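Spelled out, the chains give:
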Amino acid sequence: MDNYLITFEGAKKLLEENLFNLEPVKIPVKSAVSHILGEDIYSPLDLPPFTNSAMDGYAVRFEKSDKEMSFKLRKGEIKAGDYKKIKLRPGEAVKVFTGSPLPLNADAVVMKEFVEVKNNILYVKQQIKKGENIRFKGEEIKKGEKVLKKGTYLNPAGIGFLSTMGIREVKVIRKPRVYIIITGNELTEPGKKLKEGKIYDANSFSLYSVLKLIGIKEIKIKIIKDDFEKIKRGFYKALEFADIILFSGGISVGEYDFVRDLMKRERVKTIFYKVKQKPGKPLYFGIFDEGNIKKLIFALPGNPASVLVCFYEYVYPAIKALSGFKDIFLPERKFILLKDIKKKTDRLWFLKGKLKNDFVLPLDFQESHMLSSFTKADSLIVAPRNKKLLKKGEKVKVHLLPF
Ligand code: AMP
Ligand code: MG
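Throughout, residues of each chain are indexed from 1 in the direction in which the sequence is written. A letter from A marks each chain and a number from 1 marks each ligand, given out in the order of writing. Reporting in this predicted model follows two pLDDT cut-offs: at least 70 for local features of residues, and 80 or more for side-chain atom pairs to be given and counted; totals over whole chains, interfaces and linings ignore these cut-offs and use all residues. As a convention, hydrogens and water are excluded, and side-chain values are obtained from all of the structure's heavy atoms.

Engineer: Which parts of the structure should I look at to understand the packing of helix 1 (residues 8-17) against helix 6 (residues 304-322)?
Structural biologist: To describe two helices that pack against each other, one gives the angle between their axes and the distance between the axes. The N-to-C vectors of helix 1 and helix 6 enclose an angle of 15°; their axes lie 11 Å apart at closest approach. When the axis of helix 1 is compared with that of helix 6, the two are roughly parallel. Helix 1 and helix 6 meet at a crossing whose hand is right-handed. For the pair formed by helix 1 and helix 6, the contact residues are Phe-8, Ala-11 and Leu-15 on the first element and Glu-313, Tyr-314 and Ala-318 on the second. Three classes are used, and their members are as follows: Ala, Val, Leu, Ile, Met, Phe, Trp, Tyr, Cys and Pro are nonpolar, Asp, Glu, Lys and Arg are charged, and the others, Gly among them, are polar. The residue makeup of the contact of helix 1 with helix 6, split by class, is five nonpolar, no polar and one charged. Note on method: axes are straight lines fitted to C-alpha atoms, helices fitted across the in-contact stretch only, with angles between N-to-C directions ranging 0 to 180 degrees. Under the scheme used here, helices are H or I runs from DSSP no shorter than 4 residues and strands are E runs no shorter than 2 residues, and both carry numbers assigned from the N terminus. In this scheme, roughly parallel covers angles under 35 degrees and roughly antiparallel covers those over 145, while 65 to 115 is roughly perpendicular and the rest are oblique. Each helix crossing is assigned a hand: it is left-handed if the near helix lies turned anticlockwise from the far helix by less than a right angle, otherwise right-handed if that turn is clockwise. Note on contacts: a residue pair qualifies if any of its non-hydrogen atoms lie within 4.5 Å across the two residues.

Written out as structure tokens, the structure is:
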């Protein structure tokens, strides 16, 4: 019956063909986590920048050989952050701390746990190896070396790493600005009294939250009644701001579902509409093309679970692509089913699942208006189109949710 619909695989392919990278922008390193680097990074300095101690203890210089077990302790000490040009004479030691700059001619650092000091003589209780507990200047990175490649994902360590090189600003691929248009006469804002026939708006909150987790900072939300003119005005306002517009609701075939009509009448190129999947069959994807500026438009069917399934399967990959990621779709793995799945549809069915070791449990309450199972889910089981029954013990395809 749904034969005219595009398949999930077909929709994914069309989606991918229409994606692109946004332009690189220079931003503070502090705000750059979860971005893709838009430039190669060359280290402006050696790392470590100077030879220093890896331990709290004593820097020693051998007199003749590394068999020596006692040293003449110099007065004073070198603390982390100190700058003292101390030169050790043969057979001498000086107190140092982790990170202290070392005298140029120190042979090793002995940990304080392995020494005894008596009458200004340092007795070492364990054999010392030359170079032991010394972090040498440039041993990790040489000044001028390419340390991070364009296209690298910046994780928190990446941010710290850029900072250890003293870098404050970095070129990254810009993340998209997203405008969410929530439609529905029935929607009430949480916190307000719920009148007969109304429901609380869930989608603006779930979408806002998932966008925040992806690291999208520029998000606008507009809640609009099922009124063609109002939705049209909202759409043009969204176009001024957004790289991606997300409609929630109003894309089905009901008489008050105006979004499809709007897309047809305005200058939006439909890439696909309606996918052979459950939930989220009425999903719409189009492009507003203004010469060199392209904006992606997704209309997500309003049921709260459909919204999120469509988000994870289509919008999340699109955001990743625009943000410069190469690997955009949810990771797919195989897991062993813990329960039979009886399919009531010939469409591909995404079921909320919970993973445990090699197994996946299809959760109860899978209907598209139900969110409770989604709150426990870490994955979507992909039940293929033309299968009626997936049996317990069978290996099934599973998409891993990122959050
Ligand atoms: P629609 O896609 O507009 O036909 O909506 C499908 C179903 O989702 C209806 O039962 C709506 O009441 C519900 N729905 C639409 N938008 C939201 C929303 N923002 N929050 C919760 N439920 C919604
Ligand atoms: Mg509606």
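Engineer: Please explain the site of ligand 1 as it appears in this structure.
Structural biologist: By convention in these notes, a residue is near a molecule or strand provided one of its non-hydrogen atoms lies within 4 Å of it. Surrounding ligand 1, one finds 16 residues, the nearest of these being Glu-186, Asp-201, Ala-202, Gly-250 and Gly-302. Definition of a polar contact: a pair of N or O atoms within 3.5 Å, with one able to donate and the other able to accept a hydrogen when the atoms are protein atoms, and with sequence-neighbouring residues admitted only if both atoms are side-chain atoms. The separation between a nitrogen atom of ligand 1 and a polar side-chain atom of Asp-201 is 2.8 Å. Gly-302 places a main-chain nitrogen or oxygen 2.8 Å from an oxygen atom of ligand 1. Note on areas: Shrake-Rupley with a 1.4 Å probe; residue coverage comes only from the protein chains shown. Within the complex, 78% of the 490 Å² of free accessible area of ligand 1 lies under protein. Taken together, the residues of the shell around ligand 1 break down into seven nonpolar, six polar and three charged.

Engineer: Hey, could you run me through the environment of Val-259 in this one?
Structural biologist: Looking at where Val-259 falls in the secondary structure, it is placed in helix 5 (residues 259-265). On the basis of relative accessibility, which here comes to 1%, the residue Val-259 falls in the buried class. Residues Val-259 and Phe-228, spaced 31 residues apart in sequence, show a C-alpha to C-alpha distance of 7.9 Å. If we skip the residues at most four places from it in the chain, Val-259 touches Thr-183, Phe-247, Gly-249, Gly-250, Ile-251 and Ala-299. For the exposure calls, accessible area comes from a 1.4 Å probe over protein chains only, and a residue counts as buried if that area is under 20% of its type's maximum, exposed if over 50%, partly exposed in between.

Engineer: Teacher, can you tell me more about the sheet that holds strand 13 (residues 178-183) here?
Structural biologist: The strands making up a sheet associate through hydrogen bonds between their backbones, and the pairing can be parallel or antiparallel. The strand order across the open sheet built from six strands is 16-13-17-21-20-18, with neighbouring strands paired in mixed fashion. Lying at the two open borders of the sheet, with one neighbouring strand each, are strand 16 (219-224) and strand 18 (268-273). With strand direction ignored, the average angle separating the axes of adjacent strands in the sheet is 20°. Whether two strands pair depends on DSSP finding at least two bridges between them. Inspection of the sheet shows strand 20 (residues 284-290) paired to strand 21 (residues 293-300) by seven bridges, in the antiparallel sense. Bridge pairing in strand 21 links Phe-285 to Phe-298. Contacts from helix 1 reach strand 18, strand 20 and strand 21 within the one sheet, and its direction differs from that of strand 18 by about 150°. In the packing of helix 6 onto the sheet, contacts are made with strand 17 (244-248), strand 18 and strand 21, and the angle to strand 21 comes to roughly 170°.

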